[in-house]
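Structural overview for review
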Amino acid sequence: MDKTPSEVGARAELEVAAGLIRSGRRVYLPLLAADGRVDLIFDDPEHGLVRAQCKTGRVSGGVLTFKVCSNTRNVPRDYRGEIDVFAVYSPQLDEVFVVPVDDVATRGCHLRLEPTRNNQAAGIRWAEPYRLRPVQATEPVPG
């Protein structure tokens, strides 16, 4: 069964929030701003409170892609100045990636999961540095 864009977005938000909690962060949801550009806020030990826009990523050919702008009435609008990071859920990988808004272009982002066929390394944005890791069982979870 096909999912509506709202259902896809809601699942991404839920999976991102769960991933952030598993990584030891506190997550806060905007209460009265359903139409706002910030989907959630989380507390990061290095950066304090971080504003996140949640996206669903798609994997194809060893690359995770996601959109980094909204289109209202076919007018693209990027998120710079309104959010700090894109929190991207990949249903195919069942993983979350947290990408600073300053690390992406203005329309879309490609994160490479596998080496290129020609072994090109220059100019590649690898997914690994952005992968969200859960807190290990031996590490204390902030409480």
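Here's what I pulled together on the structure shown here. Not measured: the values here are computed from a predicted model. Within every chain, residues take consecutive numbers counted from 1 along the sequence as written. A pLDDT threshold of at least 70 governs which residues receive local features in this predicted model, and a stricter bar of 80 or more applies before side-chain atom pairs are shown or counted, although totals over entire chains, interfaces and linings include all residues. As a rule here, side-chain values cover all heavy atoms of the structure and leave hydrogens and water aside.

Some thoughts on the packing of aromatic side chains
Centre distance within 6.5 Å is the pairing criterion for rings of Phe, Tyr and Trp, where only the six-membered ring of Trp is used; planes under 30 degrees apart are then read as stacked, over 60 as edge-to-face, and the remainder as tilted. For the coordinates displayed, the defined rule picks out 2 aromatic pairs. Seen in terms of ring centroids, Phe-66 and Phe-86 are 5.9 Å apart; in terms of plane orientation they differ by 55°. Their pairing is tilted. Of this pair, Phe-66 sits in strand S5 (residues 63-67) while Phe-86 sits in strand S8 (residues 85-90), and the two are 20 residues apart along the sequence. Each ring, one from Tyr-79 and one from Phe-86, has its centre 5.5 Å from the other, and the planes form 90°; the classification is edge-to-face. In this structure, Tyr-79 and Phe-86 share a single accessibility class: buried. Through successive ring pairs, a cluster of aromatic residues spans Phe-66, Tyr-79 and Phe-86. Counting from the N terminus, the helices are DSSP H or I runs at least four residues long and the strands are E runs at least two residues long. Accessibility here uses a 1.4 Å probe with only protein chains present; expressed as a share of the type maximum, an area under 20% marks a residue as buried, one over 50% as exposed, and anything in between as partly exposed.

Brief notes about the side chain of Ser-90
Counting through the fold element by element, Ser-90 comes out in strand S8. The contact partners of Ser-90, leaving out residues within four places of it in the chain, are Gly-57, Val-59, Leu-64 and Glu-95. Pairs of residues are marked as contacts when any of their non-hydrogen atoms sit within 4.5 Å.

A word on the nonpolar core
Grouped together as the largest cluster of nonpolar side chains are 16 residues, with contacts concentrated most on Phe-66, Phe-86, Phe-97, Val-104 and Leu-111. Of all elements in the fold, only S5, S8, strand S9 (95-100) and strand S10 (108-112) reach the threshold of two or more residues within this core. Ignoring any residue separated from it by four or fewer positions in sequence, one finds Val-104 in contact with Phe-66, Val-68, Arg-80, Phe-86, Val-99 and Cys-109. Listed in part, the 15 residues of the second largest apolar core include Ala-17, Ala-87, Val-96 and Val-98. Buried Ala, Val, Leu, Ile, Met, Phe, Trp, Tyr and Cys residues that are joined via side-chain atoms within 4.5 Å together make up what is termed a nonpolar core.

What about the sheet that holds strand S2 (residues 40-44)?
A pair of strands is treated as paired once DSSP finds two or more bridges between them. Taken in spatial order, the 5 strands make up an open sheet running S1-S2-S3-S8-S9, and their pairing is mixed. Each edge of the open sheet carries a strand with a single partner, namely strand S1 (27-28) and S9. Here S2 pairs with strand S3 (residues 48-56) via 5 bridges, running antiparallel. Among the inter-strand pairings, Phe-42 is bridged to a residue of S3, identified as Val-50.

Brief notes about the pattern of salt bridges
By definition here, a salt bridge exists when the distance from a side-chain nitrogen of Lys or Arg to a carboxyl oxygen of Asp or Glu is within 4 Å. Under the definition given, this model contains 10 salt bridges. Between Arg-131 and Glu-95 there is a salt bridge, with its nearest N and O atoms 2.5 Å apart. On the criterion of sequence distance, the pair formed by Arg-131 in the segment after S10 and Glu-95 in strand S9 is long-range, its members being 36 residues apart. When its relative accessible area of 17% is taken as the criterion, Arg-131 is described as buried. Assessed through its relative accessible area of 23%, Glu-95 is described here as partly exposed. In the salt-bridge network here, residues are joined through shared partners; they are Glu-95, Glu-128, Arg-131 and Arg-133.

Brief notes about helix H1 (residues 5-22)
Helix length check: H1, at 18 residues, gives a terminal C-alpha distance of 26 Å against a target of 26 Å (1.5 Å per residue), a fit within 8%. For H1, the full list of buried residues reads Ala-12, Glu-15, Val-16, Ala-17, Gly-19 and Leu-20. As for H1, its buried residues are in contact with S1, S2, S3, S8 and S9. Gly-24 sits one or two residues past H1 and shows a positive phi near 90°. A helix is expected to span 1.5 Å for every residue after the first.

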